[in-house]
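Here is what each chain is made of, one letter per residue.
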Amino acid sequence: SQQGEEDPQALSIQEGENATMNCSYKTSINNLQWYRQNSGRGLVHLILIRSNEREKHSGRLRVTLDTSKKSSSLLITASRAADTASYFCATAEAQKLVFGQGTRLTINP
Amino acid sequence: EAGVVQSPRYKIIEKKQPVAFWCNPISGHNTLYWYRQNLGQGPELLIRYENEEAVDDSQLPKDRFSAERLKGVDSTLKIQPAELGDSAVYLCASSLGAGSYNEQFFGPGTRLTVL
């Protein structure tokens, strides 16, 4: 079963624009992680945010977490063609990661 | 440093045939995971190993799936017999430790097609 639900399921933007993806989940978590998957590099860990953190940055990535609403968002700024991929949130419960269905992001040149 | 290695990358079989997937984790990673990813979905955990011990196999369909990690290093996942619904990408991942704060490193996956 999958806990996280990403929204939107698909997103298409122009290169240089910002992309925002949202993730909602149902149960208490230890942390929430975002992964990227493309055909070239497989599934790659992007960023982890702990349950007691509200915001985290890594390069062009900004992640927020609202545990009261059980939701998270991933913002990619100044998008590039190489950002075209599927993005998954994964909630960490005990020692287990539960992935959402993903958002398919397409960056148009 | 080599990443997680999986083979084969692609496999096409007839239903009711057996199939096996192999995974070699990153050197030194004690925890190994097998996931199944259906088309358009996120990965779902099948089994997690701590060294050679399967510590979470609650999602493994044990009537037809089996896995082993005999020496606590590489691992094999087997399906016998395969069904049409088993068509998916099977991903192996490894991490230094078991806790959810340990980053999981994924292999390229094996894409299984059951005809």
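Residues numbered from 1 in each chain as written. Chains lettered and ligands numbered in written order. Predicted model: local features only at pLDDT ≥ 70, side-chain atom pairs only at ≥ 80, totals over all residues. Heavy atoms only, no water.

This part takes up the overall build of chain A. Secondary structure assignment for chain A yields zero helices and 11 strands. Element order for chain A, N to C, with α for helix and β for strand: β-β-β-β-β-β-β-β-β-β-β. Over its C-alpha trace chain A gives a radius of gyration of 13 Å, about what one expects of a compact globule, namely 13 Å for 109 residues. The C-alpha extent of chain A, read off along each of the three principal axes, is 40 × 25 × 20 Å. Per-residue burial for chain A yields a buried fraction of 49% across its 109 residues. Sequence-distant contacts in chain A: of pairs separated by 6 or more residues, those separated by 24 or more amount to 54%. Roughly 5,200 Å² of accessible area belongs to chain A as shown, and the carbon and sulfur atoms make up 43% of that amount. (Helix = DSSP H or I, 4+ residues; strand = E, 2+ residues; numbered from the N terminus. Rg over C-alpha atoms; globule rule 2.2 N^0.38 Å. Buried < 20%, exposed > 50% of the residue type's maximum accessible area, 1.4 Å probe, protein only. Contact = heavy atoms within 4.5 Å. Areas by Shrake-Rupley, 256 points an atom, 1.4 Å probe, with all protein chains shown as cover.)

Turning our eyes to something else, we now look at the overall build of chain B. Helix and strand counts for chain B stand at zero helices and 11 strands. N-terminal to C-terminal, the α/β element order of chain B is β-β-β-β-β-β-β-β-β-β-β. For 115 residues, the compact-globule formula gives about 13 Å, and the C-alpha radius of gyration of chain B, at 13 Å, lands near that figure. C-alpha atoms of chain B, sized along the principal axes, occupy 35 × 25 × 25 Å. Every one of the 115 residues in chain B was classed for burial, and the buried ones make up 47%. For chain B, the accessible area works out to roughly 5,700 Å², and carbon and sulfur atoms hold 49% of it.

Turning our attention to the environment of Tyr90(B). Residue and element names in this part refer to chain B. Note on placement: Tyr 90 falls in strand β9 (residues 88–95). A sequence separation of 62 residues divides Tyr 90 from Gly 28, and the C-alpha atoms of the two residues are 22 Å apart. Apart from residues lying up to four places away in sequence, Tyr 90 is in contact with Gln 6, Phe 21, Tyr 35, Arg 36, Leu 46, Phe 65, Leu 77, Ile 79, Gly 109, Thr 110 and Leu 112.

What follows is about the interface of chain A and chain B. Taken together, the contact between chain A and chain B spans 20 residues of the former and 20 residues of the latter. Between chain A and chain B, the buried area comes to about 1,700 Å², and carbon and sulfur atoms account for 46% of it. For the chain A face of the interface with chain B, the top three residues by lost area are Leu43(A), Gln95(A) and Lys96(A), together amounting to 30%. If you look at where chain A meets chain B, you find zero salt bridges. Between chain A and chain B we count six residue pairs in polar contact (both at pLDDT 80 or more) in total. (Buried area = accessible area lost by both parts, 1.4 Å probe. Salt bridge = Lys/Arg side-chain N within 4 Å of Asp/Glu carboxyl O. Polar contact = N/O pair within 3.5 Å; in protein donor to acceptor, adjacent residues only side chain to side chain.)

Attention now moves to empty space enclosed by the protein. Under the definition given, this model contains one cavity of 30 Å³ or more. Volume-wise, the largest cavity comes out at about 40 Å³. As for the largest cavity, its lining consists of Gln33(A), Gln95(A), Lys96(A), Leu97(A), Tyr33(B), Ala98(B), Gly99(B), Ser100(B), Asn102(B) and Gln104(B). The residue inventory of the lining of the largest cavity, partitioned by class, reads three nonpolar, six polar and one charged. (1 Å grid on protein atoms, 1.4 Å probe; cavity = no way out; pocket = protein on both sides within 12 Å on 5 of 7 lines; lining within 4 Å. Points joined across faces, edges and corners; volume = space filled by probe spheres on them. Nonpolar A, V, L, I, M, F, W, Y, C, P; charged D, E, K, R; others polar.)

Another point: the pattern of salt bridges. One side chain can pair with another of opposite charge once the charged atoms of both are near each other. Residues and elements named next belong to chain B. Across all of its chains, the model carries six salt bridges over all chains by this definition. The salt bridge partner of Asp 86 is Arg 64, with a shortest N-O separation of 2.6 Å. Note that Asp 86 is positioned in the loop between β8 (75–79) and β9 and Arg 64 in the loop between β6 (53–56) and β7 (65–68), a separation of 22 residues in sequence. Across the pair, Arg 64 and Asp 86 agree in class, each one buried. Residues joined by salt bridges that share partners form a network here, namely Arg 64, Glu 83 and Asp 86.

The next subject is the sheet that holds β7(B). Residue and element names in this part refer to chain B. Taken in spatial order, the four strands of this open sheet run β1-β3-β8-β7, and their pairing is antiparallel. Each having just a single partner strand, β1 (5–7) and β7 make up the two edges of the open sheet. On average, each strand axis in the sheet is tilted by 15 degrees relative to the strand beside it, whichever way the strands run. (Pairing = 2+ DSSP bridges. Axes fitted to C-alpha atoms, helices over the stretch in contact; angles between N-to-C directions.)

Let's shift gears to the sheet that holds strand β1 (residues 5–7) of chain A. Residue and element names in this part refer to chain A. If you trace the five strands from one edge of the open sheet to the other, you get β1-β3-β8-β7-β6, paired in antiparallel fashion. The strands lining the two open edges of the sheet, one partner per strand, are β1 and β6 (55–58). Averaged over all pairs of adjacent strands, the angle between their axes in this sheet comes to 20 degrees, without regard to strand direction. Two elements, strand β7 (residues 61–66) and strand β8 (residues 71–76), share six bridges in a ladder whose sense is antiparallel. Counterpart to Val 63 in the pairing with β8 is Leu 74.

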